[in-house]
Amino acid sequence: MNEQIFQQALLNVQARRMQAISEHDRRYAEVNAKIPQIAEINSQLAQTGARIFGMMQQGQASEALLDSMRQENLEAQRICKQLLEANGYPADYLDLHYSCEKCSDTGYFGGVYCDCLQKEIAAAAIRKMNESAQLQLCSFDQFSLDYYKGRVTEQGEDCFAVMRRILTACQTYAANFSLESPSLLFLGRTGLGKTHLSLSIAREVLSKGYDVIYDSIINLLEQVEKEHFGRDKSDLDTLGLLLNVDLLILDDLGTEFNTPFYVSAVYNIINSRLNRGLPTIISTNLDFIGLKKRYEERIVSRLFAVYETMHFIGADIRLLKKKNSKSLI
Ligand SMILES: Nc1ncnc2c1ncn2[C@@H]1O[C@H](COP(=O)(O)OP(=O)(O)O)[C@@H](O)[C@H]1O
Ligand SMILES: [Mg+2]
Ligand SMILES: [Zn+2]
């Protein structure tokens, strides 16, 4: 297990525990101040508790005495609940409310990691993975259609009209995102805005509270390979995350090494996510023929049959931006 990720996850779970306890203390103080009968009961219980504790230490507390204490305690709790309700509070107002009832927000249950800690570990791993993606840098707002104006492809396509349609489709996709959303395939040469729009979608879907993993296929597969061959001593399961995350964005398909391990990993990811019905966005500089040369028929046919394809057109915007900044000088 990556120590930093684990510690962060555990801290998050334990912060919830502290939060639950301090909320409990706050409610106690509030109720004690507002309902004097409850304050009286609480103080009597505390006194009896202290007396019994003293007797136990001196070996003087008999089983019968402890039993009557327990009864008294239960009765006091019952009265407290009645008083709470009579004063307009819910009966369980003074109970401790943990986010995870199973482990009381300790992160451990039956000596192993609780589900809530596992979830936190996955979320921390995803955050770490996305750190390098500079998600903040790209948004729909910063995507300008001006670059495509007046440009027509050799095939006679109007770049502005096509890219406006793609931009609108991506905005709608992000706005309506759900686990049932379709998968998308972004095709087109380098510099046409595929990564920019992928990141814009990632940013908006993340802000809706979904888990998103965005990275270049090279980075992701390198990590999967390291873990697979035991070269990564951390106990992370990146492949597991890629298969299960709400939205996976694989950038630059086709730039990874052409090894049997990578090809089968790509197939496994695409296929498993399709079988689970989870949305994936893939972008690539390869065209249909390039993809067919590179991957097995079964991958390419699934991509084109099931993914919604968007063909990006225009001129390399990286170059246009450079030219513009030069002409301004
Ligand atoms: N329509 C656009 N408006 C503003 N900036 C853009 C636009 N399209 C691309 N860019 C910028 O141009 C650069 C190249 O775009 P990118 O999305 O990386 O292209 P691709 O992934 O298709 O190779 C990036 O810095 C990106 O932010
Ligand atoms: Mg790109
Ligand atoms: Zn738990």
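Because the structure is a prediction, the values reported are computed rather than measured.

Q: Explanation requested: the site of ligand 1 in the structure shown.
A: Close to ligand 1 lie 16 residues, the nearest being S144, G191, K194, T195 and H196. In the model, a nitrogen atom of ligand 1 is placed 3.1 Å from a nitrogen or oxygen of the Y148 side chain. The contact in question runs from an oxygen atom of ligand 1 to an N or O atom on the backbone of G191, over 2.7 Å. Of all the elements in the fold, those that place two or more residues in the shell around ligand 1 are α6 (194-207) and α12 (317-328). Partitioned by chemical class, the residues of the shell around ligand 1 number five nonpolar, seven polar and four charged.

Q: Whenever I open this one, the domain arrangement of the protein chain confuses me. Can you help?
A: The accessible area lost on association of the parts is a frequent measure of interface size. According to the domain assignment, the protein chain contains domain 1 (3-113) and domain 2 (132-328). Inter-centroid distance (C-alpha atoms) of domain 1 to domain 2 is 51 Å.

Q: Explanation requested: the sheet that holds strand β6 (residues 280-284) in the structure shown.
A: Adjacent strands of a sheet form backbone hydrogen bonds with each other and so pair up, either parallel or antiparallel. With parallel pairing, the five strands of this open sheet are ordered in space as β4-β5-β6-β3-β7. Each having just a single partner strand, β4 (212-216) and β7 (308-311) make up the two edges of the open sheet. Neighbouring strand axes in the sheet, compared pairwise and without regard to direction, differ in orientation by 10° on average. Here five bridges tie β4 to strand β5 (residues 247-253), and the two strands are oriented parallel to one another. Across the sheet, the residue bridging to S216 is D251, located in β5. Where helix α7 (residues 217-228) meets the sheet, it contacts β4 and β5, and its direction lies at approximately 100° from that of β4.

Q: Whenever I open this one, the coordination of the zinc ion (ligand 3) confuses me. Can you help?
A: When a metal carries six donors in an octahedron, the ideal angles between them are 90 or 180 degrees, while four donors in a tetrahedron ideally lie at 109.5 degrees. Each protein donor to the zinc ion (ligand 3) is listed here as C100 (SG), C103 (SG), C114 (SG) and C116 (SG); together their distances run 2.3 Å. Around the zinc ion (ligand 3) sit four donor atoms, and with donor-metal-donor angles ranging over 101 to 114° the site reads as tetrahedral. Spacing between the donor residues of the zinc ion (ligand 3) along the chain follows C-x2-C-x10-C-x1-C. Judged by relative accessible area, which is 4%, C103 ranks as buried.

Q: Help me understand the packing of helix α5 (residues 159-175) against α6 in this model?
A: In a pair of packed helices, the angle between the axes and the distance between the axes together describe the arrangement. Viewed as axis vectors pointing N to C, α5 and α6 meet at an angle of 20°, and their least axial separation amounts to 9 Å. Taken together, α5 and α6 sit at an angle that is classed as roughly parallel. When the axes of α5 and α6 are compared, the crossing they make is right-handed. In contact with I166, L167, C170, Y173, A174 and A175 of α5, α6 contributes L197, I201, E204 and V205. Here the contact of α5 with α6 is composed, by residue class, of nine nonpolar, no polar and one charged.

Rules of the game
Residues numbered from 1 in each chain as written. Chains lettered and ligands numbered in written order. Predicted model: local features only at pLDDT ≥ 70, side-chain atom pairs only at ≥ 80, totals over all residues. Heavy atoms only, no water. Near = heavy atom within 4 Å. Polar contact = N/O pair within 3.5 Å; in protein donor to acceptor, adjacent residues only side chain to side chain. Helix = DSSP H or I, 4+ residues; strand = E, 2+ residues; numbered from the N terminus. Nonpolar A, V, L, I, M, F, W, Y, C, P; charged D, E, K, R; others polar. Domains from an automatic or database assignment. Pairing = 2+ DSSP bridges. Axes fitted to C-alpha atoms, helices over the stretch in contact; angles between N-to-C directions. Contact = heavy atoms within 4.5 Å. Donors = N, O, S within 2.8 Å, 3.2 Å for Na, K, Ca; no water. Tetrahedral: all angles 85-135°; square planar, octahedral: opposite > 155°, others 65-115°. Buried < 20%, exposed > 50% of the residue type's maximum accessible area, 1.4 Å probe, protein only. Parallel < 35°, antiparallel > 145°, perpendicular 65-115°, else oblique. Left-handed = near helix turned anticlockwise from the far one by under 90°.

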